[in-house]
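# Residue-level structure breakdown
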Amino acid sequence: MPALARLRFAAACAALLAGAAGAQTAIPIGGALKYDNHVVWKRIVDEAGGPGARFVVFSTAAANPERSARQIVEALNRQGAQAQWVPVAPRLKDRDLKAELESPANLELVRQARGVYFSGGAQELIVDTLQPAGEPTALLQAIWQVYRSGGVVAGSSAGAAIMSTVMFRDAQDTLRVLKGQLREGQEIDRGLGFVGPELFIDQHFLKRGRFGRMLPLMQAKGYRLGLGVDEDSAAIIKGGQIEVIGAKGALLVDLSQARHEPQLGAFNVRGAQLSYLDRGDRHDLKTGVTTPSPQKAADLAIDPKAPNFKPYFKSVPFYADMLGDTTVVNAMGTLLDSPAGETLGLAFAGTPAVDDSQPDLGFEFRLYKTPATRGWFTGAFGGEDYTVVRMGLDVMPVQIQRPLYRLMPVQTSR
């Protein structure tokens, strides 16, 4: 990246989410948020002012809006909030959607709130309802007023996806996105943009291997930073800072130094950097500095370049499915705490779909240590938990040979 472009990018990061007073708070939740995850629910309420804070709940995306809203309202109220449902959802059969959107009572509910919560479900229902054809409704304008005045906007799954200026609308097949299926109005669409234009948000991230779909979108749309939040976890984004809480963590994808080769004719990237932020970790978007959780800070710092570095793992495996459940983070932790400089993995269709026009197109993922790679480890959470910062990633297209393997022949005795 040229020096001038780096300066502009740094300036954009400095302004990202800082707001006029630096108090507005976005809380994308990676989906599958358990109702007994008191750490996340309490923090949502605390960020809006604590017990007594007024919340409005939008279950616009949900398959069963009434049930979803009831559960969310109860979860917020158990933490001391005063939460109410705003019944604006296309799937509500006994409500007039247009009338609810224009209802003065609903508008007043939102204007009196200090927090707004969007449920999971189908994110296209949120944007199509509150921002049809890209035009904000009065209700969405009221939500923005709450947010800009220092309020909280939180959302799980679909409610997290809408926080970017651009969002995934319906892109369940990560490998197809890697192969180039990234169509406006189908796989991608406009989001509501609460986190501003410089940060891309995705959800169910590690569980579903979605860093594989984030990379092509970021490259296509010019994003330099992406944050993928895992299930039952949340990111508190406030004043240019990210704090991760909940059961797991989030992956920060940085393409500020990345490059690609258009002549290859398929998605590729070199020089991407990945940082895994575990629960309790913080990251400063202005400086790029990651601060580990108190548990990690008190336990074990890992610097592969240090003369006293003693790796725990003797070797690193090859990863046959880099898009598998939490595979990329497991690979990052293992590589960090090993003597190896890199590890490799693949993503490909073992059984291609009938309509797959590129059945033999696959992708090689090369994770490698950079001069800035380091991390931390703790067993305080009951497992083997790593934080890893600034690990390099190259993704290159490859041709898959078929059959990939053959069964061993039966040996006949003489």
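Residues numbered from 1 in each chain as written. Predicted model: local features only at pLDDT ≥ 70, side-chain atom pairs only at ≥ 80, totals over all residues. Heavy atoms only, no water.

### What about the overall build of the protein?
Summing up its helical and strand segments, the protein has twelve helices and 19 strands in all. In summary, the protein has a C-alpha radius of gyration of 22 Å against a globular reference of 22 Å for 414 residues, a match within 12%. Taken over 414 residues, the protein has a buried fraction of 55%. Residue pairs at least 24 apart in sequence account for 74% of intrachain contacts in the protein once pairs closer than 6 positions are excluded. Side-chain charges of the protein comprise 45 positive and 42 negative groups, with the mean position of each set lying 3 Å from the other. (Helix = DSSP H or I, 4+ residues; strand = E, 2+ residues; numbered from the N terminus. Rg over C-alpha atoms; globule rule 2.2 N^0.38 Å. Buried < 20%, exposed > 50% of the residue type's maximum accessible area, 1.4 Å probe, protein only. Contact = heavy atoms within 4.5 Å. Lys, Arg positive; Asp, Glu negative; His and termini not counted. Charge placed at Lys NZ, Arg CZ, Asp CG, Glu CD.)

### A closer look at the environment of Leu130
Examined against the element boundaries, Leu130 turns out to sit in helix 6 (residues 123–130). On the basis of relative accessible area, Leu130 is assigned to the buried category, the value being 0%. Leu130 sits 74 residues away from Val56 along the chain, and the two C-alpha atoms are 15 Å apart. The contacts of Leu130, once residues within four sequence positions are left out, are Leu101, Phe118, Glu135, Pro136, Thr137, Leu139, Leu140 and Ile143.

### A short note on the side chain of Asn268
Relative to the helices and strands, Asn268 is located in the loop between strand 12 (249–254) and strand 13 (269–278). Residue Asn268 is classed as buried on the basis of its relative accessible area of 1%. Only 2.7 Å separates the side chain of Asn268 from the backbone nitrogen of Glu261, close enough to count as a polar contact. Other than its neighbours up to four places away in sequence, Asn268 contacts Gln219, His260, Glu261, Val395, Met396 and Pro397. (Polar contact = N/O pair within 3.5 Å; in protein donor to acceptor, adjacent residues only side chain to side chain.)

### Overview of the side chain of Asn106
Examined against the element boundaries, Asn106 turns out to sit in helix 5 (residues 104–111). Judged by relative accessible area, which is 6%, Asn106 ranks as buried.

### Observations concerning the packing of helix 2 (residues 38–47) against helix 3 (residues 65–78)
Their axes nearest at 8 Å, the elements helix 2 and helix 3 cross at an angle of 75 degrees. On the basis of the axis angle, helix 2 is roughly perpendicular to helix 3. Of the residues in helix 3, those in contact with Trp41, Ile44 and Val45 of helix 2 are Ile72, Ala75 and Leu76. Tallied by class, the residues present in the contact of helix 2 with helix 3 amount to six nonpolar, no polar and no charged. (Axes fitted to C-alpha atoms, helices over the stretch in contact; angles between N-to-C directions. Parallel < 35°, antiparallel > 145°, perpendicular 65-115°, else oblique. Nonpolar A, V, L, I, M, F, W, Y, C, P; charged D, E, K, R; others polar.)

### Notes on the packing of helix 5 against helix 7 (residues 138–148)
Contact geometry of helix 5 with helix 7 gives a least axis separation of 8 Å together with a crossing angle of 15 degrees. The orientation of helix 5 with respect to helix 7, classified from their angle, is roughly parallel. In the packing of helix 5 onto helix 7, the handedness of the crossing is right-handed. Counting all contacts with helix 5, which are made through Asn106, Leu107, Val110 and Arg111, the residues of helix 7 involved are Ala138, Leu139, Ala142, Ile143, Gln145 and Val146. Looking at side-chain class alone, the contact of helix 5 with helix 7 contains seven nonpolar, two polar and one charged residues. (Left-handed = near helix turned anticlockwise from the far one by under 90°.)

### Comments concerning the sheet that holds strand 15 (residues 290–291)
Sheets are built from strands that pair by backbone hydrogen bonding, the pairs being arranged parallel or antiparallel. The strand order across the open sheet formed by nine strands is 3-2-4-5-1-10-11-14-15, and the pairing between neighbours is mixed. The open sheet has two free edges, formed respectively by strand 3 (82–85) and strand 15, since each of these has just one partner strand. The sheet strands contacting helix 2 are strand 1 (25–29), strand 2 (54–58), strand 4 (115–118), strand 5 (152–156), strand 10 (233–238) and strand 11 (241–246), and the helix crosses strand 11 at an angle near 140 degrees. (Pairing = 2+ DSSP bridges.)

### Quick notes on the nonpolar core
If you look at the biggest cluster of nonpolar residues, it comprises 48 residues, and the most contacted ones within it are Phe211, Leu251, Val328, Met332, Phe365, Leu367 and Leu393. At the level of elements, strand 6 (166–168), helix 9 (174–178), helix 10 (211–221), strand 12, strand 13, helix 12 (327–336), strand 18 (361–378) and strand 19 (385–399) are the ones that each hand at least two residues to this core. Ranked by the residues each element gives to this core, the list is headed by helix 12, at six residues. Excluding residues that lie within four positions of it along the chain, Leu251 makes contacts with Phe205, Leu206, Phe211, Gly226, Leu227, Gly228, Leu274, Ser275, Tyr276, Val328, Val329 and Met332. Of all hydrophobic cores here, the second largest spans 44 residues; its members include Val127, Leu140, Phe194 and Val229. (Core = buried A, V, L, I, M, F, W, Y, C linked by side-chain atoms within 4.5 Å.)

### Concerning the environment of Leu76
Structurally, the position occupied by Leu76 is in helix 3. Taking the C-alpha atoms as reference points, Leu76 and Ala53, separated by 23 residues in sequence, lie 9.6 Å from one another. Not counting chain neighbours up to four residues away, the residues in contact with Leu76 comprise Trp41, Ile44, Val45, Phe55, Val57, Ala81, Ala83 and Tyr117.

### What about the pattern of salt bridges?
Enumeration over the complete set of coordinates arrives at 26 salt bridges. Between Lys305 and Asp303 there is a salt bridge, with its nearest N and O atoms 3.0 Å apart. Classification of Asp303 as partly exposed rests on a relative accessible area of 28%. Taken together, the shared-partner salt bridges in this structure form one network comprising Arg43, Glu47, Lys238, Glu243 and Arg282. (Salt bridge = Lys/Arg side-chain N within 4 Å of Asp/Glu carboxyl O.)

### Description of a nonpolar patch on the surface
A surface patch of nonpolar side chains, amounting to about 420 Å² of accessible area, comprises Leu404, Tyr405 and Leu407. Mapped onto the elements of the fold, Leu404 is located in the segment after strand 19. (Patch = residues over 30% accessible without salt bridge, like charges linked within 9 Å, V, L, I, M, F, W, Y side chains within 5 Å. Areas by Shrake-Rupley, 256 points an atom, 1.4 Å probe, with all protein chains shown as cover.)

### Examining the packing of aromatic side chains
With the rule as written, the count across this model stands at twelve aromatic pairs. Ring geometry for Trp144 versus Tyr147: centroids 5.8 Å apart, planes at 70 degrees, classification edge-to-face. Linking Trp144 with Tyr147, this pair stays in helix 7, spanning three residues, or about one helical turn. As far as the burial class goes, Trp144 and Tyr147 line up, both buried. Chaining the aromatic ring pairs together yields one cluster made of Phe58, Phe118, Trp144, Tyr147 and Phe194. Against the face of Phe168 rests Arg213, its NZ or CZ located 4.1 Å from the ring centre. The positively charged end of Arg366 is found above the aromatic ring belonging to Tyr368, 4.1 Å away from the centroid. (Phe/Tyr/Trp six-rings, centres within 6.5 Å; stacked < 30°, edge-to-face > 60°. Lys NZ or Arg CZ within 6 Å of the ring centre and 35° of its normal.)

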